[in-house]
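Structural description and commentary
Listed here are the chains, written in short residue letters.
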Amino acid sequence: MKEYEKRWLLRLIAINIAISVIVGYAAAVRAQEEKKVFFTVHLMVPKGNVNRENVGMLLAEELPKIGIGVEVHILDFSEWLKRVYKWPKTWEEGGYDMFLVQTGYGTDPDGLKIFFHSESVYPRGLNIFGYTNPFVDKLLDEGAKTIDPEKRKLIYMNVSKYLYEDLPAIPYWRVVNTFILKSEVEGFEPITDTDTCYNWYMPGKDEIKYVQPTDAKTLNPIFTTDGYSYRAVIGPVYDGLIMINERYEPEPAIAKSWEWVNDTYVIFYMRDDVYWHDGVQVTAEDVKFTFDAILNPETGAVDYKRYSDVIEKVVVIDKFTVAFKLKSPYAPFMTMMAGQEIIPKHVLEDVPYSEWRHHWTNTGVDKEGNPKMPIGCGPYRMIEWKRDQYIKLEAFEKYYKGAPKTKTIYMMVIPDAATAFAALKKGEVDILNDWFGWTPKDIQAAKEDPNMKISSYRILGPQIIGINLAHPILQNKYVRWAINYMIPREHIVKDILGGVGGEPAYQYLAPETLGHNPDLPPIPYDPEKAKEMMEKAGYKFEWLEEKPLPMWVYAAPPATFIVGMLVGIAVMRVMAGRREAITASEAEELASS
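Below, the structure is looked at part by part.

Parameters and conventions
Residues numbered from 1 in each chain as written. Predicted model: local features only at pLDDT ≥ 70, side-chain atom pairs only at ≥ 80, totals over all residues. Heavy atoms only, no water. Salt bridge = Lys/Arg side-chain N within 4 Å of Asp/Glu carboxyl O. Pairing = 2+ DSSP bridges. Helix = DSSP H or I, 4+ residues; strand = E, 2+ residues; numbered from the N terminus. Expected span 1.5 Å × (residues − 1). Buried < 20%, exposed > 50% of the residue type's maximum accessible area, 1.4 Å probe, protein only. Arc of directions from axis to C-beta. Contact = heavy atoms within 4.5 Å. Polar contact = N/O pair within 3.5 Å; in protein donor to acceptor, adjacent residues only side chain to side chain. Axes fitted to C-alpha atoms, helices over the stretch in contact; angles between N-to-C directions.

If you walk through the whole model with that rule in mind, you get 23 salt bridges. Of the charged contacts in the structure, one is a salt bridge between Glu62 and Lys65, with a shortest N-O distance of 3.2 Å. Connected through salt bridges with shared partners, the residues Glu79, Lys82 and Arg83 form a single ionic network.

The next subject is the pairing of strand β5 (residues 207-212). For a regular strand, side chains alternate in direction, first toward one face of the sheet and then toward the other. The sheet contact formed by β5 and strand β14 (residues 408-413) spans six bridges and is parallel. In the strand pairing of β14, Lys209 is matched with Tyr410. Direction of pairing for β5 relative to strand β15 (residues 431-432): parallel, over a ladder of two bridges. If you follow Tyr210 over to β15, its bridge partner there is Ile431.

Further remarks concern helix α5 (residues 134-145). Over its twelve residues, α5 extends 17 Å from the first C-alpha to the last, a length consistent with the 16 Å expected when each residue adds 1.5 Å. Listed in full, the buried residues belonging to α5 are Val136, Asp137, Leu139, Leu140, Gly143 and Ala144. The arc that holds the buried residues of α5, viewed along the axis, is 165 degrees, so those residues lie on one side. Residues of α5 that are exposed and point more than 90 degrees away from the buried face comprise Pro134, Phe135, Lys138 and Lys145. Looking at the packing, one finds that the buried side of α5 touches α4 (113-116) and α6 (149-166). Sitting at the amino-terminal end of α5 is Asn133, which places a side-chain oxygen 2.9 Å from the backbone nitrogen of Phe135.

It is worth spelling out helix α3 (residues 77-84) at this point. Helical geometry: 3.6 residues make up each α-helical turn, so side chains three or four residues apart lie on a common side. Regarding α3, the residues found buried are Trp80, Arg83 and Val84. The buried residues of α3 occupy one face: seen down the axis, they fall within an arc of 100 degrees. On its buried side, α3 packs onto β1 (39-46), β2 (68-75) and β3 (98-102).

What follows is about unusual backbone geometry. Here the amide bond leading from Trp87 into Pro88 is cis, since omega sits at 15 degrees, within 30 degrees of zero. With respect to the helices and strands, the residue Pro88 is situated in the loop between α3 and β3. In this structure, the amide linkage connecting Tyr122 to the following residue, Pro123, adopts the cis form with an omega of 15 degrees. Backbone geometry places Tyr248, a non-glycine residue, at a positive phi of 60 degrees. Residue position: Tyr248 is located in the loop between β6 (242-244) and β7 (250-252).

Moving on, we get to the sheet that holds strand β11 (residues 321-326). What the four strands build is an open sheet, ordered β8-β9-β11-β10; its pairing is antiparallel. On the outer flanks of this sheet lie β8 (255-262) and β10 (311-318), each paired with one strand and no other. Here the strands of the sheet are splayed against their neighbours by 20 degrees on average, with no regard to which way each runs. Pairing of β10 with β11, which is carried by six bridges, proceeds in the antiparallel orientation. Its bridge partner lying in β11, Val315 is registered against Ala323. Most of the contacts of helix α8 (residues 284-295) go to β10, to which it runs at about 165 degrees, and overall it touches β9 (265-270), β10 and β11.

Set out below in structure tokens:
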């Protein structure tokens, strides 16, 4: 063998040994991965919420520890929704196995019905899990009809217990939203926000500047669908018969009290000291006028169907007494009523319903194009609107709860969060609302600044792991409980959310909601308990942990070496032949010259 052939052969052997080692390692790792799980599920996450995406990746790390492989799919919301609505199909069939999403139920536990009643199984409702439990159905039906709050509480506590045990969806995180304020601001309540702005004040100052990222769109409450309009105008300018307090309970407002005559007939007794901003007294006629308009489809009120499904008619008993006749018993009626403000009959009674949406009471501009502000009966009068800049509110001195503590409130518009934060830091504004999406860094900066403070509140609806109960493996409750024990909730809140973006959730209803069950214990992160659940589901960890590596893992390195050597030697011979041919040719040329 020639010298250069020896060098090539040595290099070939070294290269093939290296390749064989790499192949062997890769084969072993792959085999280990393959034997590490009993089965694999697909987890869908809507694109956009980085925190939720991070939770998805965390679950993909945690669940294999108990033999559940996870493939995470971060999808556009339209694609996510398309797959969810293909229930009962699994991911492989074009549907879904599991998903992450935020859900909501309003402020009343009756909102559970649309997600967990068997009659709401998709496409009849939003029970996209396929959950059916006749006991839960019965309780949800009873809860909607039971007027007595203590009885309702017990009913929904039982619903909470069933959902906790059955786990059709796994709550794991409840979002906390945060306002950032000047430290001098007093009387601010984050849950009621601008509904109770008459309590806001800053010692020694007559005005407060409240900031949100978007301007109002509508001024008449029966046409308002966006929160920006509600916070800037509807909450401060109008009032309803009742309101929701910081404990999410209905309490008196224009109505000083009410009486259920029977399950379908309720009488409201109104205050006689409530006035519209133009000085006209508010009466029962205004209440009937408001709901008659909402119940007329010609008006185009946003809550037409919601109210028309429940209310049969509104009856004026006397000047300050009004009654509602319901089509059937409906326990959340008071919560529903707390969401509807009253509008002035004397201003709109001569205007056809079909014209209300374009009337100055909703647009802020009359037929001649001149500014004209709506008339309400709330703590503040709307006196100016510079679009996309601010809405100016002035205290209504005849407000029935007493004159507001601050004379003027500006509802400012600053679209950019960083700009808004800088304006607060400079002292140019006073309250930044929670819809800017404050980061942990922003919140920490506000905490460390002596001139700022934060005010936070918990969103009622939880972030959940939704589960397709038609999935042949996930329909096993023990598997779902195993997953439940593998969710590191404290780690999510502390490390992913920075300790400020949420709180752990263990049951569907929030502590503020009627029917939250305090007897249900928190679920710890417990891999050993999770393994117990998997064992109960029929999965044996002895097999999972002791299964020997397949023979192909052992055969791969020598096979790779042998094939590599054979190919290498063949290539070496061809190259050597060509080298000898070239050398001979060069010798002939040299001899001929």
